[in-house]
Amino acid sequence: MLDWIRHHWRQLSVLALLIVLPLFLLGNLAEDISEREVFAWDAPITLWLRAQAPEWFRQAALVLSAFGSATWMTPVSAVLLVLFWRKSAVMGRYFLLSLGGAMLLNIILKALIGRVRPQIVEWLWQESDKSFPSGHATMAAALSLTLIALLWRTAWRWPLIVVSTLYTVLMGISRVYVGVHYPTDVLGGWALGIFWAAGTAFILWPRLSQAQQHAAQPGGVIELNSSC
């Protein structure tokens, strides 16, 4: 048993940190929110963020909210889908399943839980649907993890991890700052996006890894890093 654990420790770590833990967090938040539980730290964090954030963050938050909306995310995702599908149908299908599934689950959870958006601070951005989980946070996390999985065997891996982590965190913070989400909405969105994108990659990884190797071309977008 110990030998099996040592042999599969990487897979078990991914399973625990990127799938089981986010799913556990999402489930607990969804249960508590559906029972109309009030989280004591939602309002203080929102008020503190609005009061303490530097002036430049106001415009940054509005730009992030715009970029994370369907108006921008749909064409950007469509372009990325075409690029990955041209490299490999398996990679294209994973991209579509990961982002499409995360979006569909977000819509379903919003409808089932029906959390009303917060009225803690004045809104800087207008929204009309339900609050939990945050769609912007969900899609930012799903897109980031999907791109990391698709480019894992390339020289882009570590720069992408840094940039995508920063993007995902800032996207979530910006949604609280503009007033349209509770911090718990953002946590739920991050958990949903990470769980779904990582879980899908975990299931498809053998075929996905083979497709990456087959699609890699010298000088291409997904050129293999010799150190991997």
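The shown structure was predicted, so the numbers you read here are calculated from the model rather than taken from an experiment.

## Thoughts on helix H4 (residues 56–67)
Next, step 1: The terminal C-alpha atoms of H4 lie 17 Å apart, and with 12 residues this matches the ideal 16 Å at 1.5 Å per residue to within 8%.
Next, step 2: Among all positions of H4, only Phe57, Ala61, Leu64 and Ser65 are buried. Each buried residue of H4 sits inside an arc of 100° when the element is viewed along its axis, so together they form one side. Exposed positions of H4 whose direction lies more than 90 degrees from the buried face are Trp56 and Gln59.
Next, step 3: If you follow the buried residues of H4, they end up packed against helix H7 (135–150) and helix H8 (157–177).

## Quick notes on the packing of aromatic side chains
Next, step 1: Applying the stated criterion to the full structure yields 7 aromatic pairs.
Next, step 2: Each residue in the set Trp56, Phe57 and Tyr177 is aromatic and connected to the rest through ring pairs, giving one cluster.
Next, step 3: Positioned over the ring face of Tyr177 is Arg50, at 5.3 Å from the centre of the ring.
Next, step 4: Directly above the ring of Trp152 sits Arg157, whose terminal nitrogen or CZ lies 4.1 Å from the centroid.

## Focus: the packing of helix H3 (residues 42–52) against H8
Next, step 1: The contact between H3 and H8 brings their axes to 9 Å, and the two run at 95°. When the interaxial angle is binned, H3 and H8 end up roughly perpendicular. Every residue of H8 that contacts H3 at Thr46, Leu49 and Arg50 is listed here: Ile173, Val176 and Tyr177.
Next, step 2: Partitioned by chemical class, the residues of the contact of H3 with H8 number 4 nonpolar, 1 polar and 1 charged.

## Things to note about unusual backbone geometry
Next, step 1: Cis rather than trans, the peptide bond between Phe132 and Pro133 has omega equal to -10°.
Next, step 2: You can see Pro133 is positioned in the loop between helix H6 (89–113) and H7.
Next, step 3: In the Ramachandran plot, Arg36 falls in the positive-phi region, its phi being about 65° despite a non-glycine side chain.
Next, step 4: Summarising the element assignment, Arg36 is placed in the loop between helix H2 (9–34) and H3.

## As for the confidence of the model for the protein chain
Next, step 1: Per-residue pLDDT for the protein chain averages 89, and the proportion of residues at 70 or more is 89%.
Next, step 2: Of the regions scoring below 50 in pLDDT, residues 223–228 engages in 15 contacts with residues more than four places distant in sequence or in other chains.

## Focus: the environment of Arg93
Next, step 1: On the secondary structure map, Arg93 appears in helix H6.
Next, step 2: Put simply, Arg93 and Leu81 are 12 residues apart on the chain and 8.4 Å apart in space, counted from C-alpha to C-alpha.

## Here's the deal with the nonpolar core
The tendency in soluble globular proteins is for nonpolar side chains to be buried as a group.
Next, step 1: Counting residues in each nonpolar core, the largest one holds 30 residues, and the members touching the most others are Phe84, Tyr94, Phe95 and Leu150.
Next, step 2: Those elements giving two or more residues to this core turn out to be helix H5 (70–87), H6, H7, H8 and helix H9 (183–215).
Next, step 3: Considering every element that reaches this core, the biggest residue donor is H7, with 9 residues.
Next, step 4: Once you skip the residues sitting within four places of it in the chain, Phe95 turns out to touch Ser77, Leu80, Leu81, Phe84, Gly100, Leu143, Thr146, Leu147 and Leu150.

## Notes on the packing of H5 against H7
Next, step 1: It is the contact of H5 with H7, at a shortest axis distance of 13 Å, that shows an interaxial angle of 15°. Looking at the two axes, H5 sits roughly parallel to H7. Helix-helix and strand crossings are classified by hand; for H5 and H7 the assignment is left-handed. Touching Met73, Leu80 and Phe84 of H5 are Met139, Leu143, Leu147 and Leu150, all from H7.
Next, step 2: Taken together, the residues of the contact of H5 with H7 sort by class into 7 nonpolar, no polar and no charged.

Thresholds applied
One numbering rule holds for all chains: residues counted from 1, following each sequence as written. Confidence filtering applies because this is a predicted model: local features only for residues at pLDDT of at least 70, side-chain atom pairs given and counted only at 80 or more, and all residues used for totals across whole chains, interfaces and linings. For side-chain calculations, the full set of non-hydrogen atoms in the structure is used, while hydrogens and water are omitted. Strands are runs of DSSP state E lasting at least 2 residues, helices are runs of H or I lasting at least 4, and numbering of each runs from the N terminus. An expected span of 1.5 Å times one less than the residue number is assigned to each helix. Working definition: with a 1.4 Å probe on protein chains only, accessible area under 20% of the residue-type maximum means buried, over 50% means exposed, and in between means partly exposed. The directions from the helix axis to the C-beta atoms are what the arc is built from. Contacts between residues were defined by any pair of non-hydrogen atoms, one from each residue, lying within 4.5 Å. Here a pair means two rings of Phe, Tyr or Trp (six-membered ring of Trp) with centres within 6.5 Å. Their orientation is stacked below 30 degrees between planes, edge-to-face above 60, and tilted elsewhere. Remark: a charge is flagged as sitting over a ring if the NZ atom of Lys or the CZ atom of Arg is within 6 Å of the ring centre and within 35 degrees of the ring normal. Only the stretch in contact is used when a helix axis is fitted, and all axes are lines through C-alpha atoms; the angle between N-to-C directions ranges over 0 to 180 degrees. With respect to orientation, any angle under 35 degrees is reported as roughly parallel, any angle over 145 as roughly antiparallel, any angle of 65 to 115 as roughly perpendicular, and every other angle as oblique. Lys, Arg, Asp and Glu make up the charged group, whereas Ala, Val, Leu, Ile, Met, Phe, Trp, Tyr, Cys and Pro make up the nonpolar group; the residues left over, Gly among them, are polar. A residue's pLDDT is simply how confident the predictor is in it, with values from 0 to 100. Here the nonpolar core consists of buried residues drawn from Ala, Val, Leu, Ile, Met, Phe, Trp, Tyr and Cys, with membership extended through side-chain atoms lying within 4.5 Å. In a left-handed crossing the near helix is turned counterclockwise from the far helix by less than a right angle, and in a right-handed crossing that turn is clockwise.

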